[in-house]
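# Report on the structure
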Amino acid sequence: MLKSSEERFRFLLPEHSVVMRIEFADVTLKRVGQKWLLEGSNEKTLQELQPLVNNWGQVIVESQPSSELTTPYVVSLQLAGESTMRVYQLMAFEQGLFINHNGETFLAAETKIQNLLPM
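Residues numbered from 1 in each chain as written. Predicted model: local features only at pLDDT ≥ 70, side-chain atom pairs only at ≥ 80, totals over all residues. Heavy atoms only, no water.

Our next topic: the pairing of strand E2 (residues 19-23). Pairing analysis gives four bridges linking E2 to strand E6 (residues 73-79), with the strands arranged antiparallel. Across the sheet, Val 19 pairs through a bridge with Leu 79, a residue of E6. Between E2 and strand E3 (residues 28-32), which pair antiparallel one after the other, the connecting turn spans four residues. (Pairing = 2+ DSSP bridges. Helix = DSSP H or I, 4+ residues; strand = E, 2+ residues; numbered from the N terminus.)

Between side chains of opposite charge, a pair can form when the charged atoms approach closely. One pass over the full model with this rule turns up four salt bridges. In this structure, the salt-bridge partner of Glu 23 is Arg 21, at a minimum N-O distance of 2.6 Å. A residue is classified by how much of its surface remains accessible, and Glu 23, at 23% relative accessible area, is partly exposed. Taking the shortest distance from any N to any O, the salt bridge between Arg 86 and Glu 82 comes out at 2.8 Å. We classify Glu 82 as partly exposed; its relative accessible area is 27%. (Salt bridge = Lys/Arg side-chain N within 4 Å of Asp/Glu carboxyl O. Buried < 20%, exposed > 50% of the residue type's maximum accessible area, 1.4 Å probe, protein only.)

So, about a nonpolar patch on the surface. Among the surface-exposed residues, Phe 9, Phe 11 and Ile 60 lie close enough to one another that they form a single nonpolar patch of about 260 Å² accessible area. As for its placement among the helices and strands, Ile 60 is situated in strand E5 (residues 60-64). Looking at Ile 60, the relative accessible area reads 42%, which means it is partly exposed. (Patch = residues over 30% accessible without salt bridge, like charges linked within 9 Å, V, L, I, M, F, W, Y side chains within 5 Å. Areas by Shrake-Rupley, 256 points an atom, 1.4 Å probe, with all protein chains shown as cover.)

Okay, here's the thing in structure tokens:
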């Protein structure tokens, strides 16, 4: 039986989730009350990085056959109400991104890696 497009596509993060912390290779953003605290960046400003957090909540993905990504970018993030970090591996290609999380592979078509990572 074929899945409807509503079942095939979903948001990468749970709907209405709030990101409390996000860690890129050498940059960490932490939510402190209504503001963000930036650690580890000598090149990027908070104003440049804050939109990336919002972009994560808007990523729509489609489930793909599980696969291992070669030389992925790694991002860890923590959502409100969760005690552990979620780890995502991202690999860009011409039409978007492949994203691995918890052994599952997703396609984020037409999503540019620079919308999710400080590049």
